[in-house]
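Listed here are the chains, written in short residue letters.
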Amino acid sequence: MNITPELSETHYFETNLPPSTLAEHTALANAFVKQHHDAKRPVVLLTSGGTTVPLENQTVRFIDNFSAGTRGATSAEYFLSHGYAVIFLHRQFSLLPFSRHYSHSTNCFLDFLSEWGRIGEDEEDGGKAEQAATPDVVVKAKYRQEMLSVLRKYQEAKKKNLLLLLPFTTVTSYLFTLKALACEMQCLGNEALFYLAAAVSDFFVPPSRMAEHKIQSGDIPSLGGDGSGVGGGKKLIVDLDPVPKFLKRLVEQWAPQAMIVSFKLETDPQMLLSKCRQSLERYSHHLVIGNLLSTRKREVVFVDREGIEWIRTPEAGQDSEEVEIESLIVPAVIRKHQEMLERRKTGAKK
Ligand code: PMT
């Protein structure tokens, strides 16, 4: 039988189990979307972090995809600052908006704190403080201003319920949730934006071939030879199937009216533009943002039907603050989203 992309996608959802959190996450998204739809606020579904491919049902070992979640977590903050509500579909324990400034950093979060009144602890009080009668924990003076600004934005987002955090781990849980959320967002029409920064596994172990328990090295058959080499002649050979490409289904059926932006990560500069163009042609969505692993924090390329545009951060001078490239990417994406909304309003094609 000829397996068409349609069939392989249907087969994927029929043969893999949905995550146990699906109903709860769908209900949360439903209420979130309704709130912001009523408030006429645009909503972005932002995916972030890498998906895993488990090798065992009771998972000890898994294959991972590269992504710390920096692009997603940072972009989420800029979308919020431009008036969007954000559904943040992220790899569990990857970077989160706001807390990213203090987690996973080279400083342990405890390095931002000091004991109030402890002599010499805080350089900015000149070490003059008296030993306090009741010790307390405070933010060190040099971090206070920035932390206050992050804290205020975080509290504002919480108070107005502008940020919905939904975690995933495996590629299967990611795809089930993406599909469900996209369907919940259909009522938003053109106001919905998909910003797909997650790094999604291209291959997986289908349930029919998945080991239930931890794979035992003793059970792996020897590949011949006298077993005297490294590993004693044993090799764990993992047989992976391709994950069906879901972008086409997202564009055509799950979110036909929304603006869809995908990312493309490459390591070979020679391939980046052609892979972005190929993706745009294959899936007929609105924008591909290409980036190279080695330069992703300094430059990206926008590829759409109008052409290509490089976005680069300015050279950081000695005294100048480093610019986060997401502070340039997000407004440029929003501009394109607003243009699309305008065109749809006036009935213009493109
Ligand atoms: O988090 P950081 O450390 O900051 O890194 C950010 C990043 C480099 C990971 C990010 O900027 C980025 O480039 N993300 C996309 C990585 C990538 O190339 O993903 P992909 O090849 O798995 O998918 C490309 C697109 O195809 C995605 O938008 C995805 O939605 C889609 N896809 C992928 C697999 C699949 N089975 N179906 C799909 O539709």
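Rules and cut-offs
Residues numbered from 1 in each chain as written. Predicted model: local features only at pLDDT ≥ 70, side-chain atom pairs only at ≥ 80, totals over all residues. Heavy atoms only, no water. Core = buried A, V, L, I, M, F, W, Y, C linked by side-chain atoms within 4.5 Å. Buried < 20%, exposed > 50% of the residue type's maximum accessible area, 1.4 Å probe, protein only. Helix = DSSP H or I, 4+ residues; strand = E, 2+ residues; numbered from the N terminus. Contact = heavy atoms within 4.5 Å. Near = heavy atom within 4 Å. Polar contact = N/O pair within 3.5 Å; in protein donor to acceptor, adjacent residues only side chain to side chain. Areas by Shrake-Rupley, 256 points an atom, 1.4 Å probe, with all protein chains shown as cover. Nonpolar A, V, L, I, M, F, W, Y, C, P; charged D, E, K, R; others polar. Expected span 1.5 Å × (residues − 1). Salt bridge = Lys/Arg side-chain N within 4 Å of Asp/Glu carboxyl O.

Asker: Looking at this structure, how should I read the nonpolar core?
Answerer: Soluble, globular proteins show a tendency: their nonpolar side chains are buried together. Counting residues in hydrophobic clusters, the biggest one holds 43 residues, and the most contacted among them are I87, M185, F194 and L250. The set of elements that each furnish at least two residues to this core consists of α1 (5-15), α2 (22-38), β1 (43-48), β4 (85-91), β7 (163-168), α5 (171-184), β8 (192-196) and α6 (247-254). Considering every element that reaches this core, the biggest residue donor is α5, with eight residues. M185 has contacts with V33, V43, L45, I87, A192, L193 and F194, leaving out every residue within four places of it along the chain.

Asker: Would you explain the side chain of T47 in this entry?
Answerer: Its place among the elements puts T47 in strand β1. The class of T47 is buried, set by a relative accessible area of 0%. For T47, the contacting residues outside a window of four places in its chain are L89, Y174, L178, Y195, L196, A197 and A198.

Asker: Help me understand the site of the ligand in this model?
Answerer: Close to the ligand lie 23 residues; S67, G69, V200, L247 and N291 are nearest. The separation between an oxygen atom of the ligand and a polar side-chain atom of K264 is 3.1 Å. Between N291 and the ligand, the recorded distance is 2.7 Å, taken from a side-chain N or O atom to an oxygen atom. Here the ligand, which alone exposes 790 Å², has 95% of that area covered by the protein. Of all elements in the fold, only α3 (70-81) and β11 (259-266) reach the threshold of two or more residues within the shell around the ligand. It is β11 that contributes the most residues to the shell around the ligand, four residues altogether. Of the residues assigned to the shell around the ligand, the class counts are 13 nonpolar, five polar and five charged.

Asker: Got a minute to help me understand the side chain of D304 in this structure?
Answerer: In this fold, D304 is placed in strand β13 (residues 299-304). A polar atom in the side chain of D304 sits 2.8 Å from the side chain of K336. Leave out the neighbours within four places in its chain, and D304 touches L280, H286, L287 and K336.

Asker: Is there a simple way to explain α5 in this structure?
Answerer: Three or four residues apart is the spacing at which side chains of an α-helix point the same way, because the helix has 3.6 residues per turn. The end-to-end C-alpha separation of α5 is 20 Å, in line with the 20 Å expected for 14 residues at 1.5 Å each. Along α5, eleven of the 14 residues are buried, which leaves the element largely enclosed by surrounding structure.

Asker: Help me out: how do you make sense of the pattern of salt bridges in this one?
Answerer: Pairing between side chains of opposite charge can happen when the charged atoms of each approach one another. Throughout the structure, instances matching the rule amount to 15 salt bridges. One salt bridge connects R91 with D64, and the closest N-O pair in it is separated by 2.8 Å. In this pair, R91 sits in strand β4 while D64 sits in strand β3 (residues 62-64), placing the two residues 27 residues apart along the sequence. Its relative accessible area of 39% is what places D64 among the partly exposed residues. Linking D202 and K245 is a salt bridge whose minimum nitrogen-to-oxygen distance equals 2.9 Å. Of this pair, D202 sits in the loop between β8 and β9 (203-204) while K245 sits in the loop between β10 (241-242) and α6, placing them 43 residues apart in sequence. Residue D202 is classed as partly exposed on the basis of its relative accessible area, which comes to 40%.

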